[in-house]
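Fold and contact review
Residue-level listing of the chains:
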Amino acid sequence: MNLHGTMSINEMGNLEIGNIDTVNLAKKYGTPLYVFDVKNIKNNINNFKVGFKHPKIETEIIYASKAFLTIGMCKLIEEQGLSLDVVSGGELYTAKKANFPPNKIYFHGNNKTIEELILALNYGVNKIIIDNEYEIELVNYLCTELDQNVEVLLRVNPGIEAHTHEYIQTANNDSKFGISIFNENICDIISSITDSYHMTLKGFHYHIGSQILDEVSFIKGIEVMMNFVKKIKLTCSYETKELNLGGGFGVYYSKEDSELDLNSCLKNMLSEVNKISKENNITIPKLLIEPGRSIVANSGTTLYKVGATKDTFGGKSFIFVDGGMADNPRTALYDAIYEGAIANKMTNENTNEYTIAGKCCESGDIVIKTITLPKADKNDILAVASTGAYNYSMASNYNRLRKPAVVFVENGKSKVVVKRETYDDIIRNDTL
Ligand SMILES: Cc1ncc(COP(=O)(O)O)c(C=O)c1O
Ligand SMILES: N[C@@H](CCCC[NH3+])C(=O)O
């Protein structure tokens, strides 16, 4: 297993994160347990701050909270000076409870409800990414009713197929997100925003997909979008002030992933915008990005306790853990590949090939399809790496399993940022 962030192996042969023995974390907080390496999150954020900087263009980094959000995470994001992208009333409410500054929140979503928009406007959110024509009407109506003004980015779809799993592509021509840049009525759509007294169209947003590991897709996105910016300047007389390039920066999950050189990717994206702007005599004063996964994925590790092991008649050796697809649905959903290790046997030789399965009543409840580990025994602590993004945020209560606790660790200290669900939490909304 690749050791990410502050991971290290101590003299007992146990895995440490943030200078804390993970075996002790499992004992103290129980399992399954999501452990977040705060120093690693801060480092990842800093890499974006360093890389996404340009002498001639203003830049802004917005954390895509769908990857992982809790009140504690909002506070960390605020403390680190990033803005926040929310996509639902629930994410927005979390931000509100954390007192996240509303003027640094960007509200996304392809079908925001009236209730969610009112929640946002009442909280003072004034940056909305509009997805479709109905939403233009709706936001205009609500802003008029509430006598509020908002800045707007129009989400457009550049029609690009990024090299990633088809479920997490977002910009092919049949994507549900945004308005196609090839839409014949694009000038009218733009005018319907610019004509509004309450909405100020700042520019456009696009996002080509998630877990993208080749820089080429990002550069291609910029070329297509800059061409669009130029076209609408000429045909619609609209000058783009802000361009939001989305997120999607891929991370290492396993040796199968060719790593994206983030710094070079960010620098090249900025210089591409600058170069095309110069060539075409256009100015884009501000660029924004909204990374999610690349800030948290490798900062999260899930700790499980090993229960039974089983050798099947067909020849497979299973390790059963006390969680599974309810806390990590990504293997079942996307064939995701994870690395793992036995946290209390880090220096033992990897001798046995296993499949890690969970405790859900479902054959597809697999966390890791194939992994070589030291011989596993009951009560071992299994660590699965890179579970920081889209694990806690996509966790379910399938089979009425309780969602695990989330713990932040840093410099030898740990704190619970989400308590483990209780059985009473599981039935809290049931009625007789
Ligand atoms: C609009 C938008 N922005 C940002 C993100 C964050 O993507 P990622 O977590 O891959 O950086 C997503 C998710 O794919 C998204 O849909
Ligand atoms: N949930 C996906 C990413 C979706 C990104 C959001 N648009 C994943 O786990 O990889």
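Every value quoted in this text rests on a predicted model; they were computed, and no experiment measured them.

Cut-offs used in this document
Residues numbered from 1 in each chain as written. Chains lettered and ligands numbered in written order. Predicted model: local features only at pLDDT ≥ 70, side-chain atom pairs only at ≥ 80, totals over all residues. Heavy atoms only, no water. Helix = DSSP H or I, 4+ residues; strand = E, 2+ residues; numbered from the N terminus. Rg over C-alpha atoms; globule rule 2.2 N^0.38 Å. Buried < 20%, exposed > 50% of the residue type's maximum accessible area, 1.4 Å probe, protein only. Areas by Shrake-Rupley, 256 points an atom, 1.4 Å probe, with all protein chains shown as cover. Near = heavy atom within 4 Å. Polar contact = N/O pair within 3.5 Å; in protein donor to acceptor, adjacent residues only side chain to side chain. Nonpolar A, V, L, I, M, F, W, Y, C, P; charged D, E, K, R; others polar. UniProt positions renumbered as here; feature names shortened; annotations may be inferred. Contact = heavy atoms within 4.5 Å. Axes fitted to C-alpha atoms, helices over the stretch in contact; angles between N-to-C directions. Parallel < 35°, antiparallel > 145°, perpendicular 65-115°, else oblique. Left-handed = near helix turned anticlockwise from the far one by under 90°. Patch = residues over 30% accessible without salt bridge, like charges linked within 9 Å, V, L, I, M, F, W, Y side chains within 5 Å. Salt bridge = Lys/Arg side-chain N within 4 Å of Asp/Glu carboxyl O. Pairing = 2+ DSSP bridges. Disulfide = S-S within 2.5 Å.

A few points about the overall build of the protein
When you go through the protein residue by residue, the secondary structure sums to 12 helices and 21 strands. Relative to the 2.2 N^0.38 estimate, which gives 22 Å for 432 residues, the radius of gyration of the protein is 23 Å and therefore close to what a compact globule would have. For the protein, the spread of C-alpha atoms along the principal axes amounts to about 70 × 55 × 45 Å. Expressed as a percentage of its 432 residues, the buried residues of the protein come to 57%. Summed over its atoms, the accessible surface of the protein is roughly 19100 Å², and 47% of this surface lies on carbon and sulfur atoms.

A few points about the site of ligand 2
The local shell around ligand 2 holds 8 residues, among which Arg293, Arg330, Tyr334, Tyr390 and Met394 are the closest. Arg330 has a polar side-chain atom sitting 2.6 Å from an oxygen atom of ligand 2. Interatomic distance of 2.8 Å between a side-chain N/O atom of Tyr334 and a nitrogen atom of ligand 2. Tallied by class, the residues present in the shell around ligand 2 amount to 4 nonpolar, 1 polar and 3 charged.

Comments concerning the UniProt feature "active site" (unreviewed entry) in the protein
In this structure's numbering, the residues bearing the UniProt feature "active site" (unreviewed entry) are Cys361. Checked against the element boundaries, Cys361 lands in the loop between β17 (352-357) and β18 (366-373). When sequence neighbours within four positions are dropped, the list of residues in contact with Cys361 reads Tyr398 and Asn399.

Re the packing of helix α2 (residues 38-51) against helix α3 (residues 71-79)
Axis separation between α2 and α3 bottoms out at 11 Å; the angle between their running directions is 40°. Relative to α3, the element α2 is oriented oblique. At the point where α2 passes α3, the crossing takes the right-handed sense. Contacts between α2 and α3 pair Val38, Ile41, Lys42 and Ile45 from the former with Met73, Leu76, Ile77 and Glu79 from the latter. A class-by-class count of the residues in the contact of α2 with α3 yields 6 nonpolar, no polar and 2 charged.

Describing a nonpolar patch on the surface
Taken together, Ile114, Ile118, Tyr134 and Leu146 make up a surface patch of nonpolar side chains, about 330 Å² in accessible area. Looking at the nonpolar patch, the elements that each hand over two or more residues are α5 (114-123) and α6 (133-146). Within the secondary structure, Ile118 sits in helix α5.

Some thoughts on the pattern of salt bridges
In the structure shown here, the tally under the stated rule is 11 salt bridges. Residues Lys42 and Glu410 are paired through a salt bridge, measuring 2.9 Å at the closest nitrogen-oxygen approach. Taken together, the residues Lys42 in helix α2 and Glu410 in strand β20 (residues 405-410) connect sequence positions 368 residues apart. Residues joined by salt bridges that share partners form a network here, namely Lys345, Lys375, Asp377 and Asp380.

Considering the pairing of strand β15 (residues 317-321)
Within β15, 4 of the 5 residues are buried, which leaves it mostly tucked inside the rest of the structure. Of the strand pairs in this sheet, strand β14 (residues 300-311) and β15 are connected by 4 bridges, and their pairing is antiparallel. When the bridges of β15 are listed, Lys310 appears paired with Phe318. Counted between consecutive antiparallel strands, the loop separating β14 from β15 contains 5 residues, among which Gly315 sits at a positive phi close to 105°. Two elements, β15 and β17, share 3 bridges in a ladder whose sense is parallel. Bridge pairing links Ile319 to Ile356 in β17.

Here's the deal with the sheet that holds strand β2 (residues 15-17)
Ordered in space as β1-β2-β3, the 3 strands form an open sheet in which the pairing is antiparallel. Edge positions in the sheet fall to β1 (8-9) and β3 (20-21), since each has one partner strand and no second.

Here we look at the state of the cysteines
Scanning the model with the defined rule gives 1 disulfide in all. A sulfur-sulfur separation of 2.1 Å characterises the disulfide bridge that pairs Cys187 with Cys236. For the disulfide bridge between Cys187 and Cys236, the dihedral angle about the S-S bond is near -75°, and by the sign convention the bridge is left-handed. Within this pair, whereas Cys187 is found in helix α7 (residues 186-194), its partner Cys236 is found in helix α8 (residues 215-236), the two being separated by 49 residues in sequence. Overall, Cys187 belongs to the partly exposed group, its relative accessible area being 22%. Assessed through its relative accessible area of 18%, Cys236 is described here as buried. Cys360 carries a free sulfur, and the closest cysteine sulfur to it, the one in Cys361, is 8.5 Å from it.

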